[in-house]
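Tertiary structure, described
As a plain string of letters, each chain reads:
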Amino acid sequence: MTSAEAASKHERVRMHVEQMITQGLSPHEKLPTERDLAETLEVNRQTVRRALDDLEREGAVYRMQGAGTFVSETRISKSFELTSFSEDMRARNMRPGSKSVEVAVEAAGQTVGYALNLSPRDDVVRVRRVRTGDDIPICLEESSFAAGSVPGLEDGIIGDSLYDDLRSRFGLVAVRADQEIHAVVLDEAQAAALHTPPFSPAFLVKRTTYDARSRPIEYAESVYRGDRYSYQLSISRP
């Protein structure tokens, strides 16, 4: 068999599995075995395995040793634009929400104080939330604000969008941000809150947002489930 023929069979398997997923298989539903796929498509199991390897790397399927191959949850692709979690969800026709909302006044500490140009001893209002899309936990979000800039926020957020509340109540509008993204794994507490296995892959996003006068207004650390979120970046040659 030539390399072109092998590639053609590999692509046929891949397209067949993708079609099965789009035409009826639900997230976490089990795919046919490698043997069944090989017999159905009249190819060898190595060809099937290569196609499934590709789909697993792309996040379309996942494997559990001894159990088989399953359909992954649909990932939410986020571009490098300054948008809130709620805006990301609505743009994808998903319903944003929050669980376990905690709001407290605490000392800034070194990291937050540096980001917000505060003393580590200065008070900040911290908002901790489990963010959901269509009631599915997707993100752990912790946002901090200088207490003097958000009087009354410690009593709770009005509505579900924190950015909308900041704009309407305090006149704080984020126009740009500095952002870092790190690959991490979830500890047991984080995994429990996100309804996913411990040590699953995740993204840690650290972000400082600024207003139109380049004053820092928020420092946030968010942990996103790696199986539900991805980042999309457009680049060009200089």
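In case you missed it, the structure is sitting above this.
My aim in this report is to walk through the structure given alongside it, one point at a time. (Residues numbered from 1 in each chain as written. Predicted model: local features only at pLDDT ≥ 70, side-chain atom pairs only at ≥ 80, totals over all residues. Heavy atoms only, no water.)

What about helix 6 (residues 162–170)?
In plain terms, the rule: Here's how the labels work: a residue is buried when its accessible area is under 20% of the maximum for its type, exposed when over 50%, partly exposed in between, all with a 1.4 Å probe on protein chains only. Only DSSP runs of H or I reaching four residues or more are called helices, and only runs of E reaching two or more are called strands; each is numbered from the N terminus. Note that the arc is computed from the directions linking the helix axis to the C-beta atoms. Two residues qualify as a contact provided that any one of their heavy atoms is within 4.5 Å of a heavy atom in the partner residue.
For helix 6, every residue scored as buried is listed here: L162, Y163, D165, L166 and F170. On an axial view of helix 6, the arc spanned by its buried residues comes to 160 degrees, and they lie on one face. Looking at the buried positions of helix 6, the neighbouring elements they touch are strand 5 (123–133), strand 6 (136–146), strand 8 (201–210) and strand 9 (216–225). Count one or two residues on from helix 6 and you reach G171, which has phi positive near 70 degrees.

Thoughts on the layout of surface pockets
Counted only if it meets this: Within this scheme a cavity is a closed region of a 1 Å grid, computed over the protein atoms alone, that accommodates a 1.4 Å probe without allowing it to escape, whereas a pocket is open but has protein on both sides within 12 Å along at least five of seven lines; lining residues each have an atom within 4 Å of a point. Grid points are joined across faces, edges and corners, and a volume is the space filled by probe spheres set on the points. Residues were grouped as follows: Ala, Val, Leu, Ile, Met, Phe, Trp, Tyr, Cys and Pro as nonpolar; Asp, Glu, Lys and Arg as charged; and all remaining residues, including Gly, as polar.
Put simply, the second largest pocket is a space of about 170 Å³. Surrounding the second largest pocket, L116, L118, A146, S149, G171, L172, V173, D211, A212, R215, P216 and I217 form its lining. Its residues placed into classes, the lining of the second largest pocket shows eight nonpolar, two polar and two charged.

Examining the pattern of salt bridges
Worth spelling out the cut-off: One speaks of a salt bridge when a side-chain nitrogen belonging to Lys or Arg is within 4 Å of a carboxyl oxygen belonging to Asp or Glu.
In this structure the tally under the stated criterion is 18 salt bridges. Residues R128 and E106 are paired through a salt bridge, measuring 3.1 Å at the closest nitrogen-oxygen approach. You can see R128 sitting in strand 5 and its partner E106 sitting in strand 4 (residues 96–107), a full 22 residues away along the chain. The exposure class of E106 is partly exposed, given its relative accessible area of 25%. Close ionic contact of R126 with E142 constitutes a salt bridge, the shortest N to O distance being 3.7 Å. Of this pair, R126 sits in strand 5 while E142 is found in strand 6, placing the two residues 16 residues apart along the sequence. Taking relative accessible area as the criterion, E142 reaches 29% and is therefore assigned partly exposed.

Focus: the environment of E34
As for its position among the elements, E34 is in helix 2 (residues 34–41). Look at E34 and you get buried, because its relative accessible area is 16%. C-alpha of E34 to C-alpha of N44: the two residues are ten residues apart in sequence and 9.1 Å apart in space. If sequence neighbours within four positions are ignored, E34 has contacts with R45, V48, R49, L52 and R63.

Overview of the pairing of strand 8
Rules: Two strands make a pair as long as DSSP finds a minimum of two bridges between them.
The buried fraction of strand 8 amounts to seven of the ten residues, a majority that puts the element mostly inside the structure. Looking at chain direction, strand 7 (residues 176–185) and strand 8 are connected through ten bridges and run antiparallel. Bridging across to strand 8, A183 finds its partner in F203. As defined by bridge partners, strand 8 adjoins strand 9 across nine bridges and the pair is classed as antiparallel. Its bridge partner being in strand 9, T208 is matched across the sheet by Y219.

With respect to the side chain of D165
Among the secondary structure elements, D165 is positioned in helix 6. Relative accessible area serves as the criterion here: at 2%, D165 is assigned to the buried category. Here D165 is in contact with L153, G156, I157, I158 and F170, once residues within four sequence places are set aside.

Focus: the sheet that holds strand 8
Heads up, the condition is: The convention used is that axes are lines fitted to C-alpha atoms, helices contributing only their stretch in contact, and that angles between N-to-C directions extend from 0 to 180 degrees.
If you walk across this open sheet you meet the six strands as 4-5-6-9-8-7, and the pairing is antiparallel. Lying at the two open borders of the sheet, with one neighbouring strand each, are strand 4 and strand 7. Averaged over neighbouring strand pairs, the angle between their axes works out to 15 degrees when direction is ignored.

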